[in-house]
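Okay, here's what each chain looks like letter by letter:
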Amino acid sequence: MNETKATTAAAWAHYWAHVETVDYINITPRLLHTLRQHVPLRGSRILEIGVGTGGNSATLAQDGATAVALDLSPEALRRSQATARTMQAALLPINADAWRLPFAAASFDLIFHQGVLEHFTDPAPSLREQARVLRPGGWLLVDVPQRYNLYTLHKNRLIRQGRWPYGGWECSFSLGELRALLRSVGFTPVAAYGRDYYPRPWAMLRRLARVETKLLRRRILPAAAWRAYGALWDRFEASPLGCYTLQSIGVLARKT
């Protein structure tokens, strides 16, 4: 293991030991919605790189996929297995890194990762390795921080101060940059989304319907009104404007 990888491994060991809460399970509805829209999941063999707490992979396993959970951190794998037991789903844990995936060529129908690619100063070699283990016509979903957001300023300040908890360093991408990167390593982008709202008042507006259930504990508007409200936000997240303003973006692409 070279120095860069050793430093990364140590940073993630610190993260899981001191930062991430023990009972937290990360599930990303927008990511899952996009996969369900485009990818036939039942019977598919899928790989999540940087599985973390395993909520997304466990959900896809419930949808009928055979899920492989890869992470550099043994503690992350332990937590992903605990999540799988809680959700009554099966995940195959693999302790490895994204530079040298321990799988034969064309092993998977889908690979996805959230909060991983931004930690590589040169992400192209890792993406080529992912293309190697995807079957022809297979799917790749990459979910990363979006550059043109106030969150990026907050993050960069903490990185300069040495106080960024998520691996110590990361970059951000615009939608155009991420699409171009995927094309350069042999993928055709198919769909994109923006997700997560920053700063906090923006997030509260997105989740306004919770005021009824969490704060007032009584219904003010009819359910149909809230469904329409949610649908408008969903359209915004899938629009170019959403992809260039929200905190994170995801691009689903197909191996060409």
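The sections below set out a description of the structure shown in this document. Values in this document were obtained by computation on a predicted structure and should not be read as measured data. (Residues numbered from 1 in each chain as written. Predicted model: local features only at pLDDT ≥ 70, side-chain atom pairs only at ≥ 80, totals over all residues. Heavy atoms only, no water.)

**Topic: the sheet that holds strand 6 (residues 187-195)**
- In spatial order, the strands read 3-2-1-4-5-7-6; together these 7 strands make up an open sheet with mixed pairing. Taken across any chain shown, the strands that pair with only one partner, and hence form the sheet edges, are strand 3 (91-95) and strand 6. Adjacent strand axes in the sheet meet at a mean angle of 20°, parallel and antiparallel pairs treated alike.
- Contacts from helix 2 (residues 29-38) reach strand 4 (108-114), strand 5 (134-145), strand 6 and strand 7 (248-255) within the one sheet, and its direction differs from that of strand 6 by about 140°. (Pairing = 2+ DSSP bridges. Helix = DSSP H or I, 4+ residues; strand = E, 2+ residues; numbered from the N terminus. Axes fitted to C-alpha atoms, helices over the stretch in contact; angles between N-to-C directions. Contact = heavy atoms within 4.5 Å.)

**Section: the packing of aromatic side chains**
- Across all of its chains, the model carries 15 aromatic pairs by this definition.
- Note on Tyr-15 and Tyr-166: the rings are 5.6 Å apart at their centroids and 55° apart in plane angle, and the pair reads as tilted. In this pair, Tyr-15 sits in helix 1 (residues 3-18) while Tyr-166 sits in the loop between helix 6 (150-160) and helix 7 (175-184), placing the two residues 151 residues apart along the sequence.
- For the pair Trp-99 and Phe-120, a centre-to-centre distance of 5.6 Å together with 70° between the ring planes defines the contact as edge-to-face. Note that Trp-99 is positioned in the loop between strand 3 and strand 4 and Phe-120 in the loop between strand 4 and helix 5 (124-133), a separation of 21 residues in sequence.
- Here Phe-120 falls in the buried class, since its relative accessible area comes to 13%.
- Grouping aromatic residues by their ring pairs yields a cluster made of Tyr-15, Trp-16, Tyr-151, Trp-164, Tyr-166 and Tyr-198. (Phe/Tyr/Trp six-rings, centres within 6.5 Å; stacked < 30°, edge-to-face > 60°. Buried < 20%, exposed > 50% of the residue type's maximum accessible area, 1.4 Å probe, protein only.)

**Section: helix 10 (residues 223-237)**
- Its 15 residues place the ends of helix 10 21 Å apart at the C-alpha level, agreeing with the 21 Å of an ideal helix rising 1.5 Å per residue.
- All buried positions along helix 10 are accounted for by Trp-226, Gly-230, Trp-233, Phe-236 and Glu-237. Seen along its axis, helix 10 keeps its buried residues to an arc of 115°; they face one direction. Pointing more than 90 degrees away from the buried face of helix 10 are the exposed residues Arg-227, Leu-232 and Arg-235.
- Here the buried face of helix 10 lies against helix 2, strand 6, helix 8 (200-206), helix 9 (210-216) and helix 11 (240-243). (Expected span 1.5 Å × (residues − 1). Arc of directions from axis to C-beta.)

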